[in-house]
Amino acid sequence: MKPSMDSILTKQIHNSDDIFQMLNSKEDERKKLFEYAAKIKKETVGNKVYFRGLIEYSNICAKDCYYCGIRKSNKKITRYTMSDTEVIDAVKYAHKENYASIVLQAGEISSPQQTKNITNLLNQIAKATNNELGITLSLGEQREETLKEWKNAGARRYLLRIEASSPELYSKIHPDNPMHKIETRIETLKLLQKTGYQTGTGVMVGLPFQTAEDLVSDIEFIRDNNIDMVGLGPYIEHKDTPLYSLRNTLLPQKERFDLSLKMIAILRIIMKDINIAASTAMQAIDKIGREKALKVGANIIMPNLTPVKYRESYLLYEDKPCIDEEAEECKNCLEARIVMAGDEIGYGEWGDSKRFFARQKHA
Ligand code: 5AD
Ligand code: FES
């Protein structure tokens with residue numbers, strides 16, 4: 001007989017079958033899952049939501065992931081890189097508004113010039129904000145020396161989504177060449193942890209070819225690698241990418257969204273003290289998607305601080321929300337939304353992952 005949802009939820013250690021059952025829960029069982037995740041969130045990380053102002057620094061990318069709108073082969077977009085002044089303006093805005101943290105994100109470029117540019121920017125950011133901002137980087141796979149250099153220049157967190165932890169699935173959604181190897185991605189995640197970054201990863205949910213078993217393995221991957229922060233969300237088709245031709249094989253968007261919510265709830269329950277983002281992709285499918293994510297365990301939101309003129313060119317997927325709202329409008333709408341979800345904003349606090357400090361203690 002199948003164990004009850006109550007007995008699964010309160011287990012100390014969850015096996016693959018437990019995770020599978022949570023992921024497949026419907027109606028009453030799903031309600032229990034969500035309620036339990038909300039309870040764990042309240043008990044472990046509290047009801048504060050932390051802001052990470054997102055700066056989409058450049059859409060130039062050397063890679064060609066089959067799902068991504070800014071992939072190298074997409075000739076339909078205008079490529080841009082923000083000027084240092086534009087970055088510093090965005091950073092100053094975040095600082096003034098007490099966001100306490102920013103994320104510097106860009107397509108993946110690994111070159112000595114890129115390393116230098118980012119180090120230089122990090123130094124300017126530190127100077128402009130009195131070293132007070134918690135800086136997260138999301139700049140793809142990089143060499144150990146580069147990661148160290150950026151860490152020394154003030155970055156404290158790094159996001160590198162594994163995208164899909166199953167090697168078979170990974171190889172189906174990426175070109176088959178040395179630039180797109182799951183092994184390198186996993187090694188980079190390990191390097192980030194070794195270098196002392198608070199390390200974030202995550203996956204896309206509802207990818208073509210993806211099975212429920214793949215999603216169970218994704219959760220186990222995140223748990224077994226002792227990840228500090230998670231960002232995950234539904235896969236959303238983009239018409240100028242190769243995977244678009246498989247759009248008829250996908251789960252309906254609503255189901256991808258629903259599965260993403262369950263993934264967040266399960267991770268909150270089995271990892272408890274990590275930070276989990278309510279991703280923008282959640283909102284692309286459901287107007288109150290991020291609030292729903294907050295309710296079932298997420299505690300991080302990334303308001304977009306990229307100047308509006310660049311937003312059209314940073315469409316990783318279609319229907320990306322808030323592409324025409326300036327930072328100030330974004331902030332007002334977010335505040336109302338967070339309160340609506342029953343949380344409050346941790347202004348002026350870094351809101352570091354509690355898991356990271358627990359991990360340091362045991363290292
Ligand atoms: N749908 C949803 N998420 C996507 N990303 C890239 N392309 C898509 C898409 N089509 C996500 C990837 C990447 C993050 C910055 O955006 O997971 O890591
Ligand atoms: Fe840029 Fe995947 S397309 S990293």
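For the structure, check the block above.
Here is a short report on the structure shown in this document. (Residues numbered from 1 in each chain as written. Chains lettered and ligands numbered in written order. Predicted model: local features only at pLDDT ≥ 70, side-chain atom pairs only at ≥ 80, totals over all residues. Heavy atoms only, no water.)

## Overview of the overall build of the protein
If you tally the helices and strands in the protein, you get 15 helices and eleven strands. A compact globule built from 363 residues should have a C-alpha radius of gyration of about 21 Å, and the protein, at 19 Å, falls within 12% of that. With the principal axes as the frame, the protein shows a C-alpha extent of 60 × 45 × 40 Å. Across the 363 residues of the protein, 59% fall into the buried class. (Helix = DSSP H or I, 4+ residues; strand = E, 2+ residues; numbered from the N terminus. Rg over C-alpha atoms; globule rule 2.2 N^0.38 Å. Buried < 20%, exposed > 50% of the residue type's maximum accessible area, 1.4 Å probe, protein only.)

## Some words on the packing of aromatic side chains
Within this structure, the stated rule accounts for six aromatic pairs. Each ring, one from Tyr158 and one from Tyr197, has its centre 5.6 Å from the other, and the planes form 75°; the classification is edge-to-face. In this pair, Tyr158 is assigned in strand S5 (residues 155-159) and Tyr197 in the loop between helix H8 (182-195) and strand S6 (198-201), connecting sequence segments 39 residues apart. Its relative accessible area of 0% is what places Tyr158 among the buried residues. In textbook terms, an aromatic cluster arises when at least three aromatic residues are bridged by ring pairs, as seen for Phe51, Tyr93, Tyr99 and Tyr347. (Phe/Tyr/Trp six-rings, centres within 6.5 Å; stacked < 30°, edge-to-face > 60°.)

## Things to note about the side chain of Arg268
You can see Arg268 is positioned in helix H10 (residues 253-271). One buried charged residue, Arg268, remains without a salt bridge, the closest side chain of opposite sign being Asp273 at 6.4 Å. A distance of 2.6 Å separates the side chain of Arg268 from the backbone oxygen of Lys272, its partner in a polar contact. Filtering out sequence-adjacent residues up to four positions away, Arg268 remains in contact with Ala37, Ile40, Lys41, Val45, Asp273, Ile274, Ile276, Val296, Gly297 and Asn299. (Lys, Arg positive; Asp, Glu negative; His and termini not counted. Salt bridge = Lys/Arg side-chain N within 4 Å of Asp/Glu carboxyl O. Polar contact = N/O pair within 3.5 Å; in protein donor to acceptor, adjacent residues only side chain to side chain. Contact = heavy atoms within 4.5 Å.)

## Overview of the pattern of salt bridges
Inspection of every chain in the model, using the stated rule, returns 25 salt bridges. Here Asp6 ties to Lys32 by a salt bridge, and the two come within 3.1 Å at their closest N and O atoms. Here Lys32 lies in helix H3 (residues 27-44) and Asp6 lies in helix H1 (residues 5-9), a separation of 26 residues in the sequence. Among the residues examined, Lys32 registers a relative accessible area of 35% and is labelled partly exposed. A salt bridge links Arg185 to Glu141; the nearest nitrogen and oxygen atoms lie 2.7 Å apart. Of the two residues, Arg185 is situated in helix H8 and Glu141 in the loop between strand S4 (134-138) and helix H6 (144-152); the sequence distance between them amounts to 44 residues.

## Quick look at the packing of helix H4 (residues 84-96) against helix H5 (residues 112-128)
Packing of H4 against H5 leaves a shortest axis separation of 10 Å and a crossing angle of 40°. For the element pair H4 / H5, the angle class is oblique. At the point where H4 passes H5, the crossing takes the right-handed sense. Residues Asp84, Val87, Ile88, Val91 and Lys92 of H4 form the contact with H5, whose own contacting residues are Leu121, Gln124, Ile125 and Ala128. Looking at the contact of H4 with H5 residue by residue, the class counts come to six nonpolar, one polar and two charged. (Axes fitted to C-alpha atoms, helices over the stretch in contact; angles between N-to-C directions. Parallel < 35°, antiparallel > 145°, perpendicular 65-115°, else oblique. Left-handed = near helix turned anticlockwise from the far one by under 90°. Nonpolar A, V, L, I, M, F, W, Y, C, P; charged D, E, K, R; others polar.)

## A few points about unusual backbone geometry
In this model, Asn98 sits at a positive phi of 65°, which is unusual for a non-glycine residue. Residue position: Asn98 is located in the loop between H4 and strand S3 (101-106). Using a relative accessible area of 42% as the deciding quantity, one classes Asn98 as partly exposed. A positive phi angle, close to 75°, is found at Phe209, a residue other than glycine. Note that Phe209 resides in the loop between strand S7 (204-205) and helix H9 (212-224). With relative accessibility at 44%, the residue Phe209 sits in the partly exposed group.

## Focus on the side chain of Glu237
Of note, Glu237 is situated in the loop between strand S8 (229-234) and H10. Engagement of the side chain of Glu237 in a polar contact is seen with the side chain of Arg256, the distance being 2.8 Å. If we ignore the near neighbours within four places in the chain, the residues touching Glu237 are Tyr244, Leu250, Gln253, Arg256 and Glu318.

## A word on the nonpolar core
Membership of the largest hydrophobic core comes to 98 residues, with the highest contact counts inside it found for Met22, Leu137, Tyr158 and Leu267. Top element by residues in this core is H10. It accounts for eleven residues. Tyr50, Ala277, Ile300 and Met302 belong to the second largest nonpolar core, which has six residues in total. (Core = buried A, V, L, I, M, F, W, Y, C linked by side-chain atoms within 4.5 Å.)

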